[in-house]
Amino acid sequence: MRGLINFEFGERITVDGDELTFHSLVPPLKPRADGSDDLQFLGIRSRRAVNFTPDEFLTAYSQGKIRLHRTKDTPGDSCGDDESPTKKILRAWRLFWVREYDKSPVPKSTSKLQAFISANMGRQPDPIDPPSPHTLRRWLRERGQDGDRRPKQMGDRQRTNAGRRSFHPSVKSVFEAASGRYWSNYKLTFEDFQNEVRAQLIHENQRRVEEGQSPIKVPGRTTLWRWLQMERTYDNVAARQGKHIADRQFKGIRNSLSTKRILDVAILDQKRMDVHICDATRRFVIGRPWLAALIDVKSRMILGYSLSFEDPSVLSAMSCIRAAMRGMPEMKQRFPKIDGQWEAFGVPRTILADNAWENTGSSFVDACADSGISIEWAPVRRPEYKGILERFFSRLDNQLVHKLPGAVVDNPVALRERRIDPQSDAVLTLQELDELVCTYLVEVYSVDRHDGIYDTPLRVWREGVKRDGLELAHDLSALDHAMGKLVRDRMLSHEGVKFRGLSYRSDAVDTLLADLLPLQPANVRRGSARVKIKYHPEDLSRVFVWNEVKNTYVPLPCTNEKYAYRLSERVHLELQRRKGENDEDFITDDELCVRKSALLRSIQQSYDKLPLKERRRKARLTSSLAPSDDASIKIETVAHRVGGDKPEKGTVRARTVRPKVPATAPVTFEESPPFDPFADRDRAKSIGQSLERIA
């Protein structure tokens, strides 16, 4: 093999099936004693740089993973064990002539080559007619180079075609016309194709008999089926059954994603849980919640998850990413019965997501880019591309969800035929399901052997942490800002900021005004500054004001802390709508808190009067995706934004039009004993049995 430093620019190699070209020599981070450099190659398709140290390159080469393209391969060059004796003789015959010419070369004119052939034809290994001067000249040009002639380059390169069908021209024309209609129309069956061919040929035979010609033999059913299958190509199958079916039949399964380090690639997806959930107070069935999960490709550990009734959206996707970066330090306080720690968290370098609109919006893409995360998109309608996370969802269903009360273990048609109603057994609340999922991830899934990595996810994760360390966010508070919604042109004054009818201010207003007032144009009211803010729709207890002087966001809490605590934007807008219907200009803060509590209680009391779909919609008002207040990590701040609005260039394009909410009767505040239709069931026993199944 040639020396490693003798690579020429653009020279091509193959590494585990990937085509790479040599680009340059790159100095290593730490100089080596022998003064060697790293070899940098570029992917032909991806144009991504791949670096090898000399030891890594030689190790991969010795293991047969690297192939050097010194000569161009041609079909017929590689000889197998099943090569016929005749072809082996011809291979040796060609090798003899090209090597003899290399030993004693002559001019390549026809006369000189003919004289050379006549002088050496008696020494051929087999009694075969010698090649012509033109043939020998072509061999010397196409089969190896001077001094480098190999037996593998002397194979039979003549193209061989499959045997063609021999039939009458009339049969051929009828067959081609019927075959084209069959492959272009999925509604036509083979019986239709057969009847069409036979009917036209019978009509043709009648005409030939009338003209005094001999009839044509009509092909039988088996012959037509065999001929039709010979026309089964990628284009025909794609025209008849669709491109995705043709890809599955004619293209190999894409290799699963593989990485060298933890947190290199993570996969994000969302799935509706196969279990019905009840309201925590009145025990009415609400519906099936959504689970958003982020899985690490290297270790198969779940970095973070989000469980709520929120439909797939930017809110749920960002909530899952925030949970993955933050970890779960409050797990022991939330779920004291769990024996273990939540160890997998950090900032993934790349997130693989599907092409759902909640992932392709500018808010999601720019927020991830601001956090140092690159986004890759899976092919449309190709779930096998995200097979790692799809297999986790299947594993979660088989080992946990389908064993819970209220689980949907089959499709609705099969359940209806067996007269099974999953809603009749539903007893779990969203908080109880959250605890069961967390228990499964910590105590079962992380220590269970995974066939994809031939090890347990927790062990692979711990080894990766020891070897590579964790990639943590520079500033989790800045991360919360990046994952928020942007609102422009808000006025900041000594009273703070007004948003959605709420006031936000603190001692930080003094610093903000001191920095921003000198930068305001003359048309802005004196003592005020036009600012940009960000907020979280699931938690209106605070907003974040952009300080363009210090290039950072400043949080401002709501002045009505009791009312705004864990207040979602949906609940607040509903309360504002009811306030407007009653034509009330002023109500006290205490009255706001009372109305907020009454609204949530009225939603729970109305579950028995609403269909299941409306119950899920109402449940979004009572659920929250806000992170816990005590879950924080303080790391040095890196301010790298421009203008404060980089994470979100604009609002996500509208998908649906919100229907007008009908007016409702005023809420009464009379206390009524909660009705529990599952009072006769031992819920503690049901949950205990579920935990036993997990163990």
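Residues numbered from 1 in each chain as written. Predicted model: local features only at pLDDT ≥ 70, side-chain atom pairs only at ≥ 80, totals over all residues. Heavy atoms only, no water.

Within the fold, Arg-208 resides in helix H6 (residues 190–210). Of the side chains with opposite charge, Glu-204 lies nearest to the buried Arg-208, which makes no salt bridge, at 4.6 Å. Sequence-distant contacts of Arg-208, that is, excluding residues within four places in its chain, are made with His-168, Gln-213, Ser-214, Pro-215 and Ile-216. (Helix = DSSP H or I, 4+ residues; strand = E, 2+ residues; numbered from the N terminus. Buried < 20%, exposed > 50% of the residue type's maximum accessible area, 1.4 Å probe, protein only. Lys, Arg positive; Asp, Glu negative; His and termini not counted. Salt bridge = Lys/Arg side-chain N within 4 Å of Asp/Glu carboxyl O. Contact = heavy atoms within 4.5 Å.)

With that out of the way, let us pick up the sheet that holds strand E4 (residues 49–52). Strand order in this open sheet of five strands is E4-E3-E2-E1-E5, and the pairing throughout is antiparallel. Edge strands, defined here as strands with exactly one partner in the open sheet, are E4 and strand E5 (66–68). The average undirected angle you get between the axes of adjacent strands in this sheet is 40 degrees. Judged from the three bridges that link them, strand E1 (residues 12–15) and E5 form a sheet pairing that is antiparallel. For Val-15, the partnering residue across the bridge sits in E5 and is Ile-66. (Pairing = 2+ DSSP bridges. Axes fitted to C-alpha atoms, helices over the stretch in contact; angles between N-to-C directions.)

Let us now look at the sheet that holds strand E10 (residues 302–308). The five strands are arranged E10-E9-E6-E11-E12 in an open sheet whose pairing can be described as mixed. Because the sheet does not close on itself, it has two edges, and the strands there are E10 and strand E12 (374–377). Going from strand to strand, the sheet's axes swing by 20 degrees on average, the running direction of each strand aside. In terms of strand pairing, strand E6 (residues 265–272) meets strand E11 (residues 350–353) through four bridges, oriented parallel. Pairing of Leu-268 across the sheet is with Ala-353, part of E11.

Where helix H19 (residues 508–516) is concerned, the buried positions are Val-509, Leu-512, Leu-513, Asp-515 and Leu-516. The arc that holds every buried residue of H19, seen down its axis, measures 165 degrees, which confines them to one face. Those residues of H19 that are exposed and aimed more than 90 degrees away from the buried face are Asp-510 and Ala-514. Those residues of H19 that are buried lie in contact with strand E13 (485–493), strand E14 (496–499), strand E16 (529–536), strand E17 (539–547) and strand E18 (552–557). (Arc of directions from axis to C-beta.)

The element E16 is extensively covered by neighbouring structure, given that six of its eight residues are classed as buried. For E13 and E16, the ladder comprises six bridges, and the chain directions are antiparallel. Its bridge partner being in E16, Val-487 is matched across the sheet by Ile-533. In terms of strand pairing, E16 meets E17 through four bridges, oriented antiparallel. The residue of E17 that forms the bridge with Ile-533 is Val-545. Hairpin connection of E16 to E17: two residues between the antiparallel strands.

Moving on, we come to the packing of aromatic side chains. Both the distance between ring centres and the angle between the ring planes are used here to describe each pair of aromatic rings. Applying the stated criterion across every chain yields a total of 20 aromatic pairs. Ring centres of Trp-97 and Phe-116 lie 6.2 Å apart, and the angle between their planes is 70 degrees; this geometry places the pair in the edge-to-face category. With Trp-97 in helix H2 (residues 85–103) and Phe-116 in helix H3 (residues 110–120), this residue pair connects regions lying 19 residues apart in the sequence. Each member of the pair, Trp-97 as well as Phe-116, is classed as buried. Ring centres 5.1 Å apart and planes at 70 degrees place the aromatic pair Phe-392 and Tyr-445 in the edge-to-face group. One end of the pair, Phe-392, is in helix H14 (residues 387–399); the other, Tyr-445, is in the loop between helix H16 (430–444) and helix H17 (457–468), with 53 residues separating them in the sequence. Summarising the burial analysis for this pair, Phe-392 and Tyr-445 share the class buried. In this structure an aromatic cluster arises from ring pairing among Phe-175, Tyr-182, Trp-183, Phe-190, Phe-193, Trp-225 and Trp-227. (Phe/Tyr/Trp six-rings, centres within 6.5 Å; stacked < 30°, edge-to-face > 60°.)

Further remarks concern the environment of Ala-344. Take Ala-344: it is sitting in the loop between helix H11 (331–334) and E11. Residue classification places Ala-344 among the buried positions, given a relative accessible area of 1%. When near neighbours in sequence (up to four residues on either side) are disregarded, Ala-344 contacts Met-301, Ile-302, Leu-303 and Trp-461.

The phi angle at Arg-419 is positive, at roughly 55 degrees, despite the residue not being glycine. Examined against the element boundaries, Arg-419 turns out to sit in the loop between helix H15 (412–417) and H16. A positive phi angle, close to 55 degrees, is found at Asp-489, a residue other than glycine. Along the chain, Asp-489 falls in strand E13. According to the relative accessible area criterion, Asp-489 is exposed, its value standing at 54%.

This part covers the pairing of strand E3 (residues 38–43). Burial analysis of E3 places six of its six residues in the buried class, the great majority of the element. Every second residue of E3 is oriented toward a common face, with Asp-38, Gln-40 and Leu-42 on one face and Leu-39, Phe-41 and Gly-43 on the other, all of them buried. Bridge count between E3 and E4: four bridges; the pairing is antiparallel. Within E4, the position partnered with Phe-41 by the bridge is Val-50. Once E3 ends, the chain turns through five residues before running back antiparallel as E4, passing Arg-47 with a positive phi of about 60 degrees.

Tracing the sequence through the fold places Pro-130 in the loop between H3 and helix H4 (133–142). For the pair Pro-130 and Ser-118, spaced 12 residues apart in sequence, the C-alpha separation works out to 8.4 Å. With sequence-adjacent residues up to four places away left out, Pro-130 is seen in contact with Trp-93, Trp-97, Ile-117, Met-121 and Gln-124.

This part covers the environment of Val-26. Mapped onto the fold, Val-26 is located in strand E2 (residues 18–26). Spatially, the C-alpha atom of Val-26 lies 9.4 Å from that of Ser-36, the residues being 10 residues apart in sequence. Setting aside its immediate chain neighbours within four residues, Val-26 contacts Asp-37, Asp-38 and Gln-40.

Our focus in this paragraph is the pattern of salt bridges. In this structure the tally under the stated criterion is 25 salt bridges. Linking Arg-395 and Asp-448 is a salt bridge whose minimum nitrogen-to-oxygen distance equals 2.8 Å. Residue Arg-395 is found in helix H14, and its partner Asp-448 is found in the loop between H16 and H17; the two are separated by 53 residues along the sequence. For Arg-395, a relative accessible area of 16% corresponds to the buried category. Through salt bridges with shared partners, one network takes in Lys-271, Asp-274, Arg-288 and Asp-397.

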